[in-house]
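Coordinates in review
Chain by chain, the residues:
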Amino acid sequence: AQKVTQAQTEISVVEKEDVTLDCVYETRDTTYYLFWYKQPPSGELVFLIRRNSFDEQNEISGRYSWNFQKSTSSFNFTITASQVVDSAVYFCALLGDTGRRALTFGSGTRLQVQP
Amino acid sequence: DSGVTQTPKHLITATGQRVTLRCSPRSGDLSVYWYQQSLDQGLQFLIQYYNGEERAKGNILERFSAQQFPDLHSELNLSSLELGDSALYFCASSVDELVGTDTQYFGPGTRLTVL
């Protein structure tokens, strides 16, 4: 069985602070894929990033960066210099390479960035 | 804009009724997935279709059914509705579920309220 844990239910920061959202996963698949999605107050789910299990290189995209550590089964997401527009619920998700092709989502972390 | 469209955006109905949710995938995508987002269950996979055929089932109730048409749009039918069916229903699409590196892009969702 696959499982994604986002232990932080809600985080509140002040604008320009850096914030890290934690994601821990469990899977028996040797090949798997990890995702982050953003759900702003308007409700849609926006794809942010996909990481393959065989590529442990960290990635940076503007103010966003992702730290994938296979040894600790974690795929953490950092927002640098947060902005009010970053306020949303962020979901980490896992897709295994065997079985059904469905995403297993974490419970989400609600990020509130105060001006 | 992900390119996945869903209609209607909102749906309010009564218990015992039947509704149909519609999804059009991104151009070129062959796979369609349905997910349900509720407060108590989080984001849960319901069912997947690939090029008109059912490929995988998740936690989908027997009162729910889906199909994918030759033009690749999909419909999710919910019948004998109960209060607990109130949720945000998402459709997602991807290029080819056999590829193994697909990213699922989500539509804006249909918010169903059962009164």
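Read on for a plain summary of the structure. Numbering of residues begins from 1 in every chain and follows the order in which that chain's sequence is written. Think of it this way: whatever chain is written first is A, whatever ligand is written first is 1, and the rest follow in order. At least 70 in pLDDT is required for a residue's local features to be given in this predicted model, at least 80 for side-chain atom pairs to be given and counted, and no such filter applies to totals for whole chains, interfaces and linings, which use all residues. With hydrogens and water set aside, each side-chain value is computed from the structure's full complement of heavy atoms.

Labels follow the DSSP assignment, with helices taken as runs of H or I lasting at least four residues and strands as runs of E lasting at least two, numbered in each case from the N terminus. Secondary structure assignment for chain A yields 0 helices and 12 strands. Written out in order from the N terminus, the α and β elements of chain A read β-β-β-β-β-β-β-β-β-β-β-β. Throughout, the radius of gyration refers to the C-alpha atoms, and the reference size of a globule is 2.2 Å times the residue count to the power 0.38. Taking 2.2 N^0.38 as the reference for a compact globule, 115 residues should give roughly 13 Å; the C-alpha atoms of chain A span a radius of gyration of 14 Å, in line with that estimate. Seen through its C-alpha atoms, chain A measures out along the principal axes to roughly 45 × 25 × 20 Å. Across the 115 residues in chain A, those meeting the buried criterion constitute 48%. A simple rule labels every residue: compare its accessible area, found with a 1.4 Å probe on the protein chains alone, to the largest value its type can have, and call it buried under 20%, exposed over 50%, or partly exposed in between.

The next subject is the interface of chain B and chain A. The contact criterion used throughout is that any non-hydrogen atoms of two residues lie within 4.5 Å. Each partner contributes residues to the interface: chain B has 21 residues there, and chain A has 17 residues. Buried area is a sum: the accessible area each of two parts loses on coming together, probed at 1.4 Å, counted once for each and added. Buried area between chain B and chain A, summed over both chains or domains, comes out near 1600 Å², and the portion from carbon and sulfur atoms is 57%. The rule for a salt bridge is simple: a side-chain nitrogen of Lys or Arg has to be within 4 Å of a carboxyl oxygen of Asp or Glu. For the pair chain B and chain A, the number of links is 0 salt bridges. Polar contact is defined as a pair of N or O atoms within 3.5 Å, subject to the rule that within protein one atom must be able to donate a hydrogen and the other to accept it, and that residues adjacent in sequence are counted only when both atoms are side-chain atoms. On inspection of chain B and its partner chain A, the count reaches 4 residue pairs in polar contact (both at pLDDT 80 or more). Of all elements in the fold, only strand 4 (31-38), strand 5 (42-50), strand 6 (53-57), strand 9 (87-94) and strand 10 (105-106) of chain B reach the threshold of two or more residues within the side of chain B that touches chain A. Ten residues, namely Ala, Val, Leu, Ile, Met, Phe, Trp, Tyr, Cys and Pro, are considered nonpolar, four, namely Asp, Glu, Lys and Arg, are considered charged, and the remaining ones, Gly among them, are considered polar. Classifying every residue of the side of chain B that touches chain A gives 10 nonpolar, 8 polar and 3 charged.

Here we take up the nonpolar core. Residue and element names in this part refer to chain A. If you look at the biggest cluster of nonpolar residues, it comprises 23 residues, and the most contacted ones within it are Trp-36, Phe-77, Tyr-90 and Leu-111. Those elements that provide at least two residues to this core are strand 2 (10-14), strand 3 (19-21), strand 5 (32-39), strand 8 (64-69), strand 9 (74-79), strand 10 (88-96) and strand 12 (109-114). What Phe-77 contacts, discounting residues up to four positions off in sequence, is Val-19, Thr-20, Leu-21, Trp-36, Leu-48, Tyr-64, Ser-65, Trp-66 and Tyr-90. Put simply, a nonpolar core is a bunch of buried Ala, Val, Leu, Ile, Met, Phe, Trp, Tyr and Cys residues held in one set by side-chain atoms that sit within 4.5 Å of each other.

Residue and element names in this part refer to chain B. Tracing the chain through its elements places Asp-29 in the loop between strand 3 (19-24) and strand 4. From its side chain, Asp-29 meets the backbone nitrogen of Ser-94 in a polar contact 3.4 Å long. Not counting residues within four places of it along the chain, the set of residues in contact with Asp-29 comprises Leu-72, Ser-93, Ser-94 and Val-95.

On to the layout of surface pockets, then. Lining residues are defined by having an atom within 4 Å of a point belonging to a cavity or pocket. Those points lie on a 1 Å grid over the protein atoms alone, cavities being sets where a 1.4 Å probe fits but cannot get out and pockets being open sets with protein on both sides within 12 Å along at least five of seven lines. Grid points are joined across faces, edges and corners, and a volume is the space filled by probe spheres set on the points. Of the volumes computed, that of the largest pocket is approximately 1100 Å³. Lining the largest pocket we find 49 residues, and of these Phe-91 of chain A together with Gln-37, Ser-38, Gly-42 and Leu-43 of chain B sit closest to its centre. Where the lining of the largest pocket is concerned, the elements lending two or more residues are strand 10, strand 11 (104-105) and strand 12 of chain A together with strand 4, strand 5, strand 9 and strand 11 (110-114) of chain B. Grouping the constituent residues of the lining of the largest pocket by class yields 17 nonpolar, 24 polar and 8 charged. Along its surface, the second largest pocket is lined by 13 residues, and Glu-44 and Leu-45 of chain A together with Asp-1, Ser-2 and Phe-106 of chain B are the ones closest to its centre.

Residues and elements named next belong to chain A. As enumerated under the stated definition, the model contains 6 salt bridges over all chains in all. Salt-bridge contacts for Arg-51 lead to Glu-59; the nearest nitrogen and oxygen are separated by 2.8 Å. The partly exposed category is assigned to Glu-59, whose relative accessible area is 30%. Within the structure, one salt-bridge network assembled from shared partners comprises Arg-51, Asp-55 and Glu-59.

This paragraph deals with the state of the cysteines. Disulfide: a pair of cysteine sulfur atoms within 2.5 Å of each other. Considering all chains together, one arrives at 2 disulfides over all chains under this definition. Covalent S-S linkage joins Cys-23 of chain A and Cys-92 of chain A, the inter-sulfur distance amounting to 2.0 Å. Linking Cys-23 of chain A and Cys-92 of chain A, the disulfide has an S-S dihedral of approximately -65° and is accordingly described as left-handed. Taken together, the positions of Cys-23 of chain A in the loop between strand 3 and strand 4 (24-26) and Cys-92 of chain A in strand 10 put the pair 69 residues apart, joining distant regions of the chain. In this structure Cys-23 of chain A comes out as buried when scored by relative accessible area, which is 0%. Given the relative accessible area of 0%, Cys-92 of chain A is considered buried. Across the disulfide from Cys-23 of chain B sits Cys-91 of chain B; the S-S distance is 1.8 Å. Across the disulfide from Cys-23 of chain B to Cys-91 of chain B, rotation about the S-S bond amounts to roughly -50°, and the bridge is consequently left-handed. Taken together, the residues Cys-23 of chain B in strand 3 and Cys-91 of chain B in strand 9 connect sequence positions 68 residues apart. Across the pair, Cys-91 of chain B and Cys-23 of chain B agree in class, each one buried.

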